[in-house]
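# Architecture and fold: a report
The primary structure of each chain is shown beneath.
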Amino acid sequence: MKDLLRLKTSLTEEIETALNEQIKREAHASSAYLAMASWCEQHGFEYSAGYFFKQAEEERAHMLKIFKHVLDLGGNAVSPDVSMIQLEFDSFRAVFEQALENEIAVTQSINRIVGKAHQVQDYTTVAFLQWFLQEQVEEEYVARRALELFDVIGEEGVGQFMIDKQIPKITYGDSATE
Ligand code: FEO
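### Describing the overall build of the chain
- When its secondary structure is counted, the chain shows six helices and zero strands.
- Reading the chain from its N end, one meets helices and strands in the order α-α-α-α-α-α.
- Along the longest, intermediate and shortest principal axes, the C-alpha atoms of the chain span 65 × 35 × 20 Å.
- Each of the 178 residues in the chain was classed as buried or not, and the buried ones make up 44%.
- Across the chain, every contact between residues at least 6 apart in sequence was considered, and the portion connecting residues at least 24 apart equals 76%.
- Working note: accessible area of the chain is about 10000 Å², and carbon and sulfur atoms make up 54% of it.
- Computing the positive centroid from 16 side-chain charges and the negative centroid from 30, the chain places the two 6 Å apart.

### Observations regarding the nonpolar core
- In this structure, C40, F52, F92, V95, F96 and I167 are the most contacted members of the largest nonpolar core, which totals 26 residues.
- Among the secondary structure elements, those contributing two or more residues to this core are α2 (13–42), α3 (46–72), α4 (92–119) and α5 (123–153).
- Looking at this core, the element that brings in the most residues is α5, giving seven residues.
- Formed by 22 residues, the second largest nonpolar core is a distinct cluster that contains L11, V70, V106 and A117.

### A look at α2
- With 30 residues, α2 extends 44 Å from end C-alpha to end C-alpha; this agrees with the ideal 44 Å at 1.5 Å per step.
- Where α2 terminates, the next one or two residues include G44, which has phi positive at roughly 85°.

### Some details on the environment of Q119
- By secondary structure assignment, the location of Q119 is in helix α4.
- The spatial distance from the C-alpha of Q119 to the C-alpha of E57 is 32 Å, given a sequence separation of 62 residues.

### Some words on the pattern of salt bridges
- Summed over the entire model, instances satisfying the criterion amount to six salt bridges.
- With a shortest N-O distance of 3.3 Å, R93 and D151 are connected by a salt bridge. Of this pair, R93 sits in helix α4 while D151 sits in helix α5, and the two are 58 residues apart along the sequence.
- Among the residues examined, D151 registers a relative accessible area of 57% and is labelled exposed.
- Residue R144 is joined to E140 by a salt bridge in which the shortest nitrogen-to-oxygen separation is 2.6 Å. Of this pair, R144 and E140 both sit in helix α5, four residues apart, which is roughly one turn of that helix.
- Among the residues examined, R144 registers a relative accessible area of 37% and is labelled partly exposed.
- A cluster of three or more residues bridged by salt bridges with shared partners is formed by R93, E97, D151 and E155.

About the thresholds
Residues numbered from 1 in each chain as written. Predicted model: local features only at pLDDT ≥ 70, side-chain atom pairs only at ≥ 80, totals over all residues. Heavy atoms only, no water. Helix = DSSP H or I, 4+ residues; strand = E, 2+ residues; numbered from the N terminus. Buried < 20%, exposed > 50% of the residue type's maximum accessible area, 1.4 Å probe, protein only. Contact = heavy atoms within 4.5 Å. Areas by Shrake-Rupley, 256 points an atom, 1.4 Å probe, with all protein chains shown as cover. Lys, Arg positive; Asp, Glu negative; His and termini not counted. Charge placed at Lys NZ, Arg CZ, Asp CG, Glu CD. Core = buried A, V, L, I, M, F, W, Y, C linked by side-chain atoms within 4.5 Å. Expected span 1.5 Å × (residues − 1). Salt bridge = Lys/Arg side-chain N within 4 Å of Asp/Glu carboxyl O.

Here's what the structure looks like:
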């Protein structure tokens, strides 16, 4: 039965596995952002909490996009099991440091899948993942700008609350006007 199902998909087993791992990573990213939203809300950083809630939704949308891509090609999309979510952070800044680190790891992982897809001439998946590569450029950019605020504004006095207020204002393309 498994062999019959395999005949129905143009995905190689290697790419199908890699895409399922990415589905898991996106689901993990969504849950990680939810944990960051919770931490920020509980520490009085409501704008950042809102930002992380939005990020959590975006990551879920990414997960679904890949999930559907696998199914559209006749593959087996596996509902992800998410665990090991970091719930505690040493500081407000540490939340954003972790967010940037997570995004860089996601970019590297998508790059690896694009590389593998090239190797097996799965250009459908190569083309499909182009959108994700651009999305990562934007997400890394925003995460980096958020972290820069800690140095630009400083954390003394009301600094952290000023940083918090600026977080939702960061949009991709800011640098073009500066
Ligand atoms: Fe979908 Fe930002 O990883």
